[in-house]
Amino acid sequence: MAELPLAGIKILSIEQYGAGPYGTMLLADLGAEVIKIEAPSMGGDVSRATGPYFLGEQDSQFFQTFSRGKSSVALEIKTAEGRAAFEAMVREADAVANNLRGDQPAKMAITYEDLKAINPKIVCAHLSAYGRDNERASWPGYDYLMQAEAGLMSMSGEPDGPPVRCGLSIIDFHTGSQLAVALLAGILGAHRTGKGCDVDVALFDTALHQLSYPATWYLNEGVQVGRLPRGAHPSIAPSQAFKTQDGWLMLMCQTPKFWEIFCTKTGRSDLLTDPRFSSIPARRANLADLTDVLDTLLSTQPTSAWIALLGGHVPVAPIYDIAQALDSTHVKAIGMTDAVGHPDAKDGRLRLLASPIKVNGKRPAGKRAPKMGEH
């Protein structure tokens, strides 16, 4: 831990479920001491009770996914005794993070205004559904709601189907990552100036920000990007899913060079001079014809054969299910899964995903999430 870049940084976190814990977990992976402040009267972090796979009392595989490498202190900060203990911890901390409803930090007195007299350098990092400074501050909110209202679901799925959310809580994870960035920025500023601050991120703001260039197109041109077949890119073709003999693959010829390489390596150089497919605009205008032609071509061989032929030359990937993804030889080669010791896991070892961040070429060693009040 001493060799990791955030060694010596102490973060107190009043967190639960996914978004907040995901963000502070990234910081714990990089060496920060992240202390979960858990209220025994509420059963601690609600994800301890999130099934269906449990690990003894007040612990679950879901909880372990988001709180590895952290410490846990059982503390009722709404009581006088608990508040005194909390404030003593604040004196020694660099930051206090939370992912409470937007109206709660002020009520619980965990804003910079509330804590600066105790520690002028403290950074108070707030993650909420809709923010703390608008008419929705008191609204509860979750990831799927944000995907719905921010327009993301209107861009997912097939054109003739209903709106579709992403299969995972991507807005939680994006917002947690932004919490980590904002918190670190606050700490850097406090180390430079001696003064901490409040930093805020919100699920809704993040979801809207993820509209990215389609938002720019609408704001300036009034154009709405909708759903295209096979998850196709809105302006470049071919860049979508295609059928193979035994499954699917994702092909992304984002530049003319890759289209030329694809046609040459697959023995279809004739497509380069076909007026329907001779340029990106032409391919985009004739997307249905292009899909039929490439489906016919790629259906002559299994996915593995196409990956062997095209991999490393053209941007292409097999479309896997979860088992195929996690059991792939590439995942094993790069060390993206880990096993941590856990007293209630099968054989005393719990398999988890490893950190996506390397430090000096190595992924930080994994460590299980804490038992309730363990520290």
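In what follows, the structure referred to is the one given above.
Here the structure is a predicted model, which means the values were calculated and not measured.

A. How the structure looks around the sheet that holds strand β9 (residues 316-318). If you walk across this open sheet you meet the three strands as β7-β8-β9, and the pairing is antiparallel. Looking at strand neighbours, the two that pair on one side only are β7 (239-243) and β9, the edges of this open sheet. For this sheet, the mean inter-axis angle between neighbouring strands, taken without regard to orientation, is 20°. Sheet strands touched by helix α13 (residues 303-310): β8 (248-252) and β9. Its angle to β9, the strand with the most contacts, is close to 155°.

B. Region of the structure containing the pattern of salt bridges. According to the stated counting rule, one finds 18 salt bridges in the structure shown. For the salt bridge of K36 with D45, the shortest nitrogen-to-oxygen distance reads 2.8 Å. In this structure D45 comes out as buried when scored by relative accessible area, which is 2%. A salt bridge links R83 to E87, with the shortest nitrogen-to-oxygen separation between them at 2.9 Å. Note that R83 and E87 are positioned in helix α3 (residues 80-91) at a spacing of four residues, about one turn of the helix. With a relative accessible area of 22%, E87 lands in the partly exposed category. Look at the salt bridges and you will find they share partners, linking E15, K36, D45 and K70 into a network.

C. Up close: the pairing of strand β4 (residues 95-98). Residue alternation in β4 divides its side chains into two sets, A95 and A97 and V96 and N98, and both sets are buried. As paired strands, strand β1 (residues 10-14) and β4 are joined by four bridges and run parallel to one another. For S13, the partnering residue across the bridge sits in β4 and is A97. In this structure, β4 lies alongside strand β5 (residues 123-128), joined through four bridges in parallel fashion.

D. Quick look at the nonpolar core. Of all hydrophobic cores here, the largest spans 34 residues; its most connected members are I11, L27, A32, M146, L183 and L203. Elements supplying a minimum of two residues to this core: α1 (19-29), β4, β5, α7 (170-193), β6 (197-202) and α8 (203-209). The element best represented in this core is α7, accounting for seven residues.

What counts, and at which threshold
Residues numbered from 1 in each chain as written. Predicted model: local features only at pLDDT ≥ 70, side-chain atom pairs only at ≥ 80, totals over all residues. Heavy atoms only, no water. Pairing = 2+ DSSP bridges. Helix = DSSP H or I, 4+ residues; strand = E, 2+ residues; numbered from the N terminus. Axes fitted to C-alpha atoms, helices over the stretch in contact; angles between N-to-C directions. Contact = heavy atoms within 4.5 Å. Salt bridge = Lys/Arg side-chain N within 4 Å of Asp/Glu carboxyl O. Buried < 20%, exposed > 50% of the residue type's maximum accessible area, 1.4 Å probe, protein only. Core = buried A, V, L, I, M, F, W, Y, C linked by side-chain atoms within 4.5 Å.

That is the geometry; function is a separate question.
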